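Residues per chain are reported as follows:
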Amino acid sequence: MTDPTFEFSHAITRRPAPSIIDGLRAQDVGTPDLDKMLAAHAHYVATLKETGATVIELPPLDAFPDGVFVEDTALCLPKGAILMRPGAPSRMGEVGEMEPALRSVYDDVRQISGNGHVEGGDILVTGREILVGRSDRTDAAGVAELREIVADWGHSLREVFTPEGVLHFKTDCSLLDGETILSTKRLDASGCFEGYRVLHTAEGEEAAANSIRFNQYVICPAGFPRTAEMLDKAGFNIVQVDNRECAKLDGGMSCLSLRFSATRPA
Ligand code: CIR
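Keep in mind that this is a model prediction, so the values were computed, not measured.

Criteria and thresholds
- Residues numbered from 1 in each chain as written.
- Predicted model: local features only at pLDDT ≥ 70, side-chain atom pairs only at ≥ 80, totals over all residues.
- Heavy atoms only, no water.
- Helix = DSSP H or I, 4+ residues; strand = E, 2+ residues; numbered from the N terminus.
- Rg over C-alpha atoms; globule rule 2.2 N^0.38 Å.
- Buried < 20%, exposed > 50% of the residue type's maximum accessible area, 1.4 Å probe, protein only.
- Areas by Shrake-Rupley, 256 points an atom, 1.4 Å probe, with all protein chains shown as cover.
- Lys, Arg positive; Asp, Glu negative; His and termini not counted.
- Charge placed at Lys NZ, Arg CZ, Asp CG, Glu CD.
- Contact = heavy atoms within 4.5 Å.
- Near = heavy atom within 4 Å.
- Polar contact = N/O pair within 3.5 Å; in protein donor to acceptor, adjacent residues only side chain to side chain.
- Nonpolar A, V, L, I, M, F, W, Y, C, P; charged D, E, K, R; others polar.

**So, the overall build of the chain**
Then step 1. What the chain contains, in helices and strands, is six helices and 15 strands.
Then step 2. The C-alpha atoms of the chain give 17 Å as radius of gyration, which agrees with the globular expectation for 266 residues (18 Å, within 12%).
Then step 3. For the chain, the spread of C-alpha atoms along the three principal axes comes to 45 × 40 × 35 Å.
Then step 4. For the chain, with 266 residues in total, the buried portion stands at 55%.
Then step 5. For the chain, the computed accessible surface area is about 11100 Å², with 50% contributed by carbon and sulfur atoms.
Then step 6. Here the chain contributes 26 positive and 40 negative side-chain charges, whose respective centroids are spaced 2 Å apart.

As structure tokens, this is what we get:
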């Protein structure tokens, strides 16, 4: 029996395009370097593959500077996939670019089609529920539509709030196993993880919170040694990937893939 919250047969990624230099960012802390990003991306994809998973690698999309951050375009669940409706207007067209890949692996593909917005980075699927953080990108109408869709597949959805000034809910947290969450102290202080086992990122290492559990690995951004040591001591198998270029665009480990177990072969 596999645990659908972290055991996956597949991932979808997209190689960064030269237009990455125009990617959205909250603050300008320097232009991302495409070659360095490509090298880090290759390490990320190789790590996913090392777990035995199949990685569907999509080609770069120069028309969409943030296209590498595929997580925001969809939510993948055991019974189907849901195409999102990004709150960032420049990212809206990325969804249609993702659709064929999802249709190749899922029989049931639905869509947020009302006026609301949801980005995948605001969604954390745990062993017991789906947490969705309202943010500058995800609004009440989007959450309400998503709630109806996932209810059809037997999931309960709980609306929570992304801290002020934080891009996405999962910028500040990740799932380590069905019941264990890695979170910044500031997000955990909101009380949204009551009843879960919560491990905190080290002081000053908040950016380590955007990690992913993917099969046997917890893939973390490199450069956060105290959090990595804490996770290692807690028994997790850590792989550290250079995230310096993506971080310039507020991106992290979760943003770079959609993770799922295919219902039929790709
Ligand atoms: C954006 O602002 O939309 C991108 N530059 C970063 C998206 C990061 N995605 C994520 O956290 N899931």
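**Some thoughts on the environment of Thr201**
Then step 1. Inspection of the secondary structure assignment puts Thr201 in the loop between strand E11 (197–200) and strand E12 (212–214).
Then step 2. Judged by its relative accessible area of 4%, Thr201 falls in the buried class.
Then step 3. Spatially, the C-alpha atom of Thr201 lies 6.8 Å from that of Leu182, the residues being 19 residues apart in sequence.
Then step 4. Excluding anything up to four places from it in sequence, Thr201 contacts Leu182, Ser183, Thr184, Glu206, Ala208, Ala209 and Thr227.

**Observations regarding the site of the ligand**
Then step 1. Neighbouring the ligand are 14 residues, the closest being Leu24, Asp66, Asp72, Leu249 and Cys255.
Then step 2. Between the ligand and His168, the relevant distance is 2.8 Å, taken from an oxygen atom to a side-chain nitrogen or oxygen of the residue.
Then step 3. The backbone of Leu249 places a nitrogen or oxygen atom 2.8 Å from a nitrogen atom of the ligand.
Then step 4. In the complex, 99% of the free accessible area of the ligand, which totals 350 Å², lies under the protein chains.
Then step 5. Residues belonging to the shell around the ligand are distributed by class as follows: five nonpolar, three polar and six charged.

Function cannot be inferred from these measures alone, as they are strictly geometric.
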